[in-house]
Amino acid sequence: MSLLISNIGSLVTNDPALGAGPLGLLADAAVVVDGDRVAWVGPSAAAPAADEHADAGGRALLPGFVDSHSHLVFAGDRTAEFSARMSGRAYGAGGIRTTVAATRAASDAELNANLTRYLEEMLRQGTTTVEVKSGYGLSTADEARSLRIAAGHTEETTYLGAHVVPPEYADDPAGYVELVTGEMLAACAPYARWVDVFCERGAFDGDQARAVLTAGAAAGLLPRVHANQLGPGPGVRLAVELGAASADHCTHLSDADVAALADGDTVATLLPGAEFSTRAPYPDARRLLDAGAAVALSTDCNPGSSFTSSMPFCVAVAVREMGMTPDEAVHAATAGGALALRRADVGRIAPGARADLQLLDAPSHVHLAYRPGVPLTAAVWQGGVRRV
């Protein structure tokens, strides 16, 4: 069945060949969906007929958000840690171990139910593509089952056995790296597309991160890196050197880091929910954009440092605190996320793209930043099927 969505007040295509500016904006527009793909885009007056019709009522239509960084396979709650942090305690990587204990103790059914709940929560806010990492099992069996559960919901799954060193390897981090690059990798690779590592003080240093990413690549997984969140370090330049699709966080960057991102193909994925929830300095998106680096926005949804599933919230924070314009933030949350996942079929509304669309209860995409905290998602189509 084909669907015509007409009377779109403002259409974000993310295709400059179809409309004005980098967002490819069209006014008084229409979109035709055929099956799970976009078949036609143009002015409402020229729209072809379709089997079904939806009237956008002059509202804005955007691509579904592409959330390229999340940690959704977990159990438990870190409310006490959050409360302590809001009282002045600094954030560190060690809190991850609390979630590891709860996740190991949970059943497959409990983990799957939690994952389903958060994916549905994201969908109601306009997110149609989600990357999901492991990283809260940190044993061969628990990492493999986390990825198996995630793979039942998304094709964008990431092996993050190198999240932190678990307690049982506290005195033998080299032994844990050996496990991550050997037996655990072999068990997890069939369920993963990506390999990731938390290259940070309190987690894994540059040499350890290189070993993890190199082994993952040899197993057919594509690299991405948690880089430069808690302080300066080698993560960003290692990501660029190894051709990683993204370096995520990018909060503490040197001039050399920025130049490497601008000169390479690695996307700087910024995660403002983490800074909001840890009272850390926000990454300087303006500096990256002005240097010519590609930028994505993502939620980093996880129970410790960024327990938000809301891409609209991240857009608003990026505009208010990180030097982005509303156009840049929306682009980063859609096309930028697609680039960070090396996807050409999502993050845009153009013929041949997957029909992942969100209708806002607003006349313009700017309202995502202009009306922070307001639930503006009026309808969502995922693969051409209306889901909200």
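Refer to the preceding data block for the structure.
The paragraphs below set out a description of the structure included in this document. Please read all numbers here as calculations on a predicted model, not as lab measurements.

Cut-offs applied
Once a new chain begins, its residue numbering starts again from 1 and follows that chain's sequence as written. Totals for whole chains, interfaces and linings use every residue, but because this is a predicted model, local features are given only for residues with pLDDT of at least 70 and side-chain atom pairs only at 80 or more, for both listing and counting. Only hydrogens and water are set aside when side-chain values are computed; all heavy atoms of the structure are taken into account. Only DSSP runs of H or I covering at least 4 residues are called helices, and only runs of E covering at least 2 are called strands; the numbering of each starts at the N terminus. The globule rule used here is 2.2 Å times the number of residues to the 0.38 power, and the radius of gyration it is set against is calculated over C-alpha atoms. Each residue is assigned to one of three classes by its accessible area relative to the maximum for its type, calculated with a 1.4 Å probe on protein chains only: buried under 20%, partly exposed between the two thresholds, exposed over 50%. We call two residues in contact whenever any of their non-hydrogen atoms come within 4.5 Å of each other. Basic side-chain nitrogens of Lys or Arg form a salt bridge, by our definition, when they fall within 4 Å of a carboxyl oxygen of Asp or Glu. Here an axis means a line fitted to C-alpha atoms, over the contact stretch when the element is a helix, while the angle between two N-to-C directions is reported on a 0 to 180 degree scale. For a crossing to be left-handed, the near helix must be turned anticlockwise from the far one by less than a right angle; the clockwise case is right-handed. Residue classes follow a fixed rule: Ala, Val, Leu, Ile, Met, Phe, Trp, Tyr, Cys and Pro count as nonpolar, while Asp, Glu, Lys and Arg count as charged, and any other residue, Gly among them, counts as polar. Whether two aromatic rings pair depends on their centres lying within 6.5 Å, for rings of Phe, Tyr and Trp, where Trp uses its six-membered ring; planes under 30 degrees apart make the pair stacked, over 60 edge-to-face, and the rest tilted. Put simply, a charge is over a ring when the Lys NZ or the Arg CZ is close to the ring centre, within 6 Å, and near the line of the ring normal, within 35 degrees. For two strands to pair, DSSP has to find at least two bridges joining them. Here a polar contact is taken to be a pair of N or O atoms separated by no more than 3.5 Å, where protein atoms must pair a possible hydrogen donor with a possible acceptor and residues adjacent in sequence count only if both atoms sit in side chains. Definition used in this section: a nonpolar core is a set of buried Ala, Val, Leu, Ile, Met, Phe, Trp, Tyr and Cys residues joined via side-chain atoms within 4.5 Å. What a helix should span is 1.5 Å times the count of its residues minus one. Take the seven residues that end at a residue and the seven that start at it, fit an axis to each, and the angle between those axes is the bend at that residue.

**Examining the overall build of the protein chain**
Right, so step 1: From N to C terminus, the protein chain includes 14 helices and 18 strands.
Right, so step 2: For a compact globule of 388 residues, the expected C-alpha radius of gyration is about 21 Å, and the protein chain comes in at 20 Å, within 12% of that figure.
Right, so step 3: Dimensions of the protein chain, computed from the C-alpha atoms along their principal axes, are close to 70 × 45 × 45 Å.
Right, so step 4: When the 388 residues of the protein chain are sorted by exposure, 57% land in the buried category.
Right, so step 5: Restricting the contact set of the protein chain to residue pairs at least 6 apart, pairs at least 24 apart contribute 70%.

**With respect to the pattern of salt bridges**
Any two side chains of opposite charge can pair, on the condition that their charged atoms come close.
Right, so step 1: In this structure the tally under the stated criterion is 19 salt bridges.
Right, so step 2: When the shortest N-O distance is used, the salt bridge between arginine 37 and aspartate 36 registers 3.5 Å.
Right, so step 3: Among the ionic contacts, a cluster of salt bridges with common partners joins Asp108, Asp142, Arg145 and Arg148.

**Focus: the packing of helix 12 (residues 311-321) against helix 13 (residues 326-340)**
Right, so step 1: Their axes nearest at 9 Å, the elements helix 12 and helix 13 cross at an angle of 140 degrees. Judged by the sense of rotation from one axis to the other, the crossing of helix 12 with helix 13 is right-handed. Taking contact as the criterion, the partners of Met311, Val315, Ala318 and Val319 in helix 12 are, on helix 13, Pro326, Ala329, Val330 and Ala333.
Right, so step 2: Among the residues making up the contact of helix 12 with helix 13, the classes are represented as 8 nonpolar, no polar and no charged.

**Side note on the packing of aromatic side chains**
Right, so step 1: What the rule picks out here adds up to 7 aromatic pairs.
Right, so step 2: An aromatic cluster is defined as three or more aromatic residues linked by ring pairs; in this entry it consists of Phe74, Tyr118, Tyr136 and Phe307.
Right, so step 3: In this structure, arginine 224 is placed above the aromatic ring of tryptophan 194, and the distance from its NZ or CZ to the ring centre is 4.3 Å.
Right, so step 4: The ring of tryptophan 381 is capped by arginine 386, whose NZ or CZ atom sits 5.6 Å from the centre of that ring.

**Remarks on the pairing of strand 1 (residues 2-11)**
Right, so step 1: With 8 of its 10 residues buried, strand 1 lies for the most part within the structure.
Right, so step 2: Summarising the sheet, strand 1 and strand 2 (residues 26-34) pair through 7 bridges and their orientation is antiparallel. Note that in strand 2 the partner of isoleucine 5 across the bridge is valine 31.
Right, so step 3: Sheet analysis places strand 1 next to strand 5 (residues 60-63), joined by 2 bridges and oriented parallel. By the bridge assignment for strand 5, leucine 11 is matched with leucine 61.

**What about the side chain of serine 70?**
Right, so step 1: With respect to the helices and strands, serine 70 occurs in the loop between strand 6 (65-67) and helix 1 (79-86).
Right, so step 2: Under the relative-accessibility criterion, serine 70 is labelled buried at 0%.
Right, so step 3: Within the local environment of serine 70, its side chain forms a polar contact with the backbone oxygen of glutamate 131, the two atoms lying 2.5 Å apart.
Right, so step 4: Aside from chain neighbours lying at most four places away, what touches serine 70 is Met122, Val130, Glu131, Val132, Lys133, Asp300 and Cys301.

**So, the nonpolar core**
Right, so step 1: Leu72, Tyr159, Leu261, Leu270, Leu288 and Leu297 are the most contacted members of the largest nonpolar core, which totals 83 residues.
Right, so step 2: It is helix 3 (residues 108-124) that provides the largest number of residues to this core, a total of 5 residues.
Right, so step 3: Not counting residues up to four positions away in its chain, the partners in contact with leucine 72 are Leu115, Tyr118, Leu119, Met122, Val130, Val132, Lys133 and Cys301.
Right, so step 4: Among the nonpolar cores identified, the runner-up in size contains 17 residues, and Ile8, Val31, Leu357 and Ala379 belong to it.

**Regarding helix 13**
Right, so step 1: Helix length check: helix 13, at 15 residues, gives a terminal C-alpha distance of 19 Å against a target of 21 Å (1.5 Å per residue), a fit within 8%.
Right, so step 2: The principal kink in helix 13, of about 40 degrees, is found at alanine 332.
Right, so step 3: Along helix 13, the residues that are buried comprise Ala329, Val330, Ala332, Ala333, Thr334, Ala335, Gly336, Gly337, Ala338 and Ala340.
Right, so step 4: Immediately downstream of helix 13, the backbone of arginine 342 shows phi near 55 degrees, a positive value.

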